[in-house]
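Observations on the model geometry
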Amino acid sequence: MKFSDISGYESLKAQLIQSVISDQIAHAQLFLGPEGGPNLALALAFSTYINCLNRTPEDSCGECDACRKNAKLVHPDVHFAFPVSATKKIKAKDVISVKFLSEWRNFVIQDPYNNAGGWNNYFGGENKQLNISRQESREIIKNLSLKPFEGLYKIMIIWLPEYMHPAGANALLKILEEPPRNTLFLLVSNDETKLLSTILSRTQIVHIRPFSDEEIKALLINQHFIEEDKAGQIAHLVDGNINEALRLAREVEDDSHKMFRDWMRLCYVGDLMELTKWTEKFNSMSKVAQQTLFHYGLSMMREALIVNSNELELSRLMGEELEFVKNFSKILSLESIEKISDILNEAFYHIERNAHSKILFLSVSLKIFEIFKKLRMLSKA
């Protein structure tokens, strides 16, 4: 991983790069920040930069032999320790990181922002208690006893040291304080309160803030191919937690078109009993899905305005959506499009501020029903 793969954090990246250029790398560093942030990603990018053969003042080259190996997490001088548990295939006495290294590499390469729960599910831990054992500490000391094979430094990345058994943590205190020559420790933690004070006192803490809304949005768009509007909505809700953002993205209703189409038909015919039932359906949706429905409705109103203005070449719709808007716009006036747009926009605002979703949805439905009712009366006059 390169620094450029991580959205934002330019000041912190520059600080880490400068420590390498000036040859002032602290031998034990704690990358500390909330869950769902770039703690591990930054540690991996830092590790890559340290042993890059052709690094620049801005980033690692990404092309040299060391960078290619680091991208696959197979560099012989970069070691990993992380919490694990027994599985159906691996007995408790054999539970150390190296037994899970293949799964770990795939897990991190797929998503370097994931969390302990995601890792537990990935390797098949069956929700057993995760742990970094004392035996793991012995493995760490053994792995670091030799000189670097290829790089300038041997690097030990310990992910979530808060899961370290106290005896294991104590066993590392001496090597943390006085590591072998050209040996670095990069600890990656989400919760300093669960770390031994003796560990904290032996590390230089790198404080990592949560992602900003714009950084979350950029990650969703560029790395997970989520459309810009939806990415912006999700980013605003998750307080910088990319894991929560991805969870919400998966929960969002995929078929907003079908739901909006059927909803408008119920409003048009004035089926109040069915609309009342739909309030329950709307209430059961996630907050992001509710916002997405209103946002989709606003986009349909814009498209209806385009059709009503005889500017069809400006429409971005195709297929069923385009046919729906063509038919829908036949019953709408320019004034009614503006009124429905205002209603949906106001609803989006109130959902964002935690309005009672059932009451809000029914109120919106009744307002739109009244608009359609007036339109029908005018058409008969």
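You'll find the structure just up there.
As the structure is a computational prediction, the values presented were derived from the model and not from experiment.

Over its 24 residues, helix H18 (residues 357–380) runs 35 Å from end to end, which matches the ideal 34 Å to within 8%, given 1.5 Å per residue. Inspection of H18 places Ser 357, Leu 360, Phe 361, Val 364, Ser 365, Ile 368, Phe 369, Ile 371, Phe 372 and Leu 375 among the buried residues, and these make up the whole buried set. Where H18 is buried, its residues meet helix H13 (256–269), helix H14 (272–284), helix H15 (287–308), helix H16 (319–329) and helix H17 (334–352).

All right, on to the packing of helix H1 (residues 10–21) against helix H2 (residues 39–51) then. Following both chains from N to C, one finds H1 and H2 inclined at 30°, their axes separated by 10 Å at the closest point. By the angle class used here, H1 and H2 are roughly parallel. Along this stretch, H1 crosses H2, giving a crossing that reads as right-handed. Of the residues in H2, those touching H1 at Leu 12, Lys 13, Leu 16, Ile 17, Ser 19, Val 20 and Ile 21 are Leu 42, Phe 46, Tyr 49 and Ile 50. Split by residue class, the contact of H1 with H2 holds nine nonpolar, one polar and one charged.

Looking now at the environment of Gln 233. Within the element layout of this structure, Gln 233 appears in helix H11 (residues 228–235). Residues Gln 233 and Asn 182 lie 51 residues apart in sequence; the distance between their C-alpha atoms is 46 Å. Not counting residues up to four positions away in its chain, the partners in contact with Gln 233 are Val 288, Gln 291, Thr 292, His 295 and Phe 348.

A separate point is the sheet that holds strand S4 (residues 183–189). With parallel pairing, the five strands of this open sheet are ordered in space as S2-S3-S4-S1-S5. A single partner strand is all that each edge strand has here, and the edge strands are strand S2 (78–81) and strand S5 (204–207). Neighbour-to-neighbour, the strand axes of the sheet open up by a mean angle of 20°, direction not taken into account. Against the sheet, helix H6 (residues 134–143) engages S2, strand S3 (154–159) and S4, with an angle of about 160° to S3.

Here the phi dihedral of Asp 23 falls at roughly 55°; this positive angle occurs in a residue that is not glycine. Relative to the helices and strands, Asp 23 is located in the loop between H1 and strand S1 (28–32). A positive phi angle is found at Leu 73, which is not glycine, with a value near 60°. Mapped onto the secondary structure, Leu 73 falls in the loop between helix H3 (65–71) and S2.

Here the structure, examined in full by the defined rule, presents 26 aromatic pairs. Relative to Phe 211, the ring of Tyr 9 has its centre 5.5 Å away and its plane inclined at 80°; by these criteria the two rings are edge-to-face. Note that Tyr 9 is positioned in the segment before H1 and Phe 211 in the loop between S5 and helix H10 (213–224), a separation of 202 residues in sequence. With a relative accessible area of 5%, Tyr 9 lands in the buried category. Where Tyr 268 meets Phe 372, the ring centres are 5.6 Å apart and the plane angle is 65°; that geometry is what we call edge-to-face. Note that Tyr 268 is positioned in helix H13 and Phe 372 in helix H18, a separation of 104 residues in sequence.

Attention shifts here to the packing of H11 against H15. At their nearest, the axes of H11 and H15 sit 10 Å apart, and the two run at 140° to each other. What the angle tells us is that H11 and H15 run oblique. Relative to H15, H11 is oriented so that their crossing is right-handed. Only Val 288, Gln 291, Thr 292 and His 295 of H15 make contact with H11, whose side of the interface consists of Asp 229, Lys 230, Gln 233 and Ile 234.

The subject of this paragraph is the pattern of salt bridges. When the charged atoms of two side chains lie near each other, side chains of opposite charge can form a pair. Summed over all chains, the structure comprises 17 salt bridges. A salt bridge links Lys 339 to Glu 335; its shortest N-O distance comes to 3.3 Å. Taken together, the positions of Lys 339 and Glu 335, both in helix H17 and four residues apart, correspond to about one turn of that helix.

Judged by nonpolar contacts, the single largest core of 61 residues is most densely connected at Phe 31 and Trp 104. In terms of residue count, H2 provides more of this core than any other element does, nine residues in total. Apart from the residues within four sequence positions on either side, Phe 31 is in contact with Leu 16, Asn 39, Leu 42, Ala 43, Phe 46, Leu 186, Leu 187, Val 188, Ser 189, Val 206 and Ile 208. By size, the runner-up hydrophobic cluster in this structure holds 39 residues, among which are Met 264, Leu 298, Val 325 and Ile 368.

Each full turn of the α-helix corresponds to 3.6 residues, which orients residues three or four apart in the same direction. The end-to-end C-alpha separation of H15 is 32 Å, in line with the 32 Å expected for 22 residues at 1.5 Å each. Counting buried positions over the 22 residues of H15 gives 17, a clear majority of the element. Asn 310 sits one or two positions beyond H15 and adopts a positive phi of about 55°.

As a further point, take the side chain of Asn 51. Within the secondary structure, Asn 51 is located in helix H2. Side-chain polar atoms of Asn 51 contact the backbone nitrogen of Leu 152, separated by 2.9 Å. A distance of 3.2 Å separates a polar atom in the side chain of Asn 51 from the backbone nitrogen of Tyr 153. Once you skip the residues sitting within four places of it in the chain, Asn 51 turns out to touch Ala 66, His 75, Gly 151, Leu 152, Tyr 153 and Ile 155.

Rules behind the numbers
Residues numbered from 1 in each chain as written. Predicted model: local features only at pLDDT ≥ 70, side-chain atom pairs only at ≥ 80, totals over all residues. Heavy atoms only, no water. Helix = DSSP H or I, 4+ residues; strand = E, 2+ residues; numbered from the N terminus. Expected span 1.5 Å × (residues − 1). Buried < 20%, exposed > 50% of the residue type's maximum accessible area, 1.4 Å probe, protein only. Contact = heavy atoms within 4.5 Å. Axes fitted to C-alpha atoms, helices over the stretch in contact; angles between N-to-C directions. Parallel < 35°, antiparallel > 145°, perpendicular 65-115°, else oblique. Left-handed = near helix turned anticlockwise from the far one by under 90°. Nonpolar A, V, L, I, M, F, W, Y, C, P; charged D, E, K, R; others polar. Pairing = 2+ DSSP bridges. Phe/Tyr/Trp six-rings, centres within 6.5 Å; stacked < 30°, edge-to-face > 60°. Salt bridge = Lys/Arg side-chain N within 4 Å of Asp/Glu carboxyl O. Core = buried A, V, L, I, M, F, W, Y, C linked by side-chain atoms within 4.5 Å. Polar contact = N/O pair within 3.5 Å; in protein donor to acceptor, adjacent residues only side chain to side chain.

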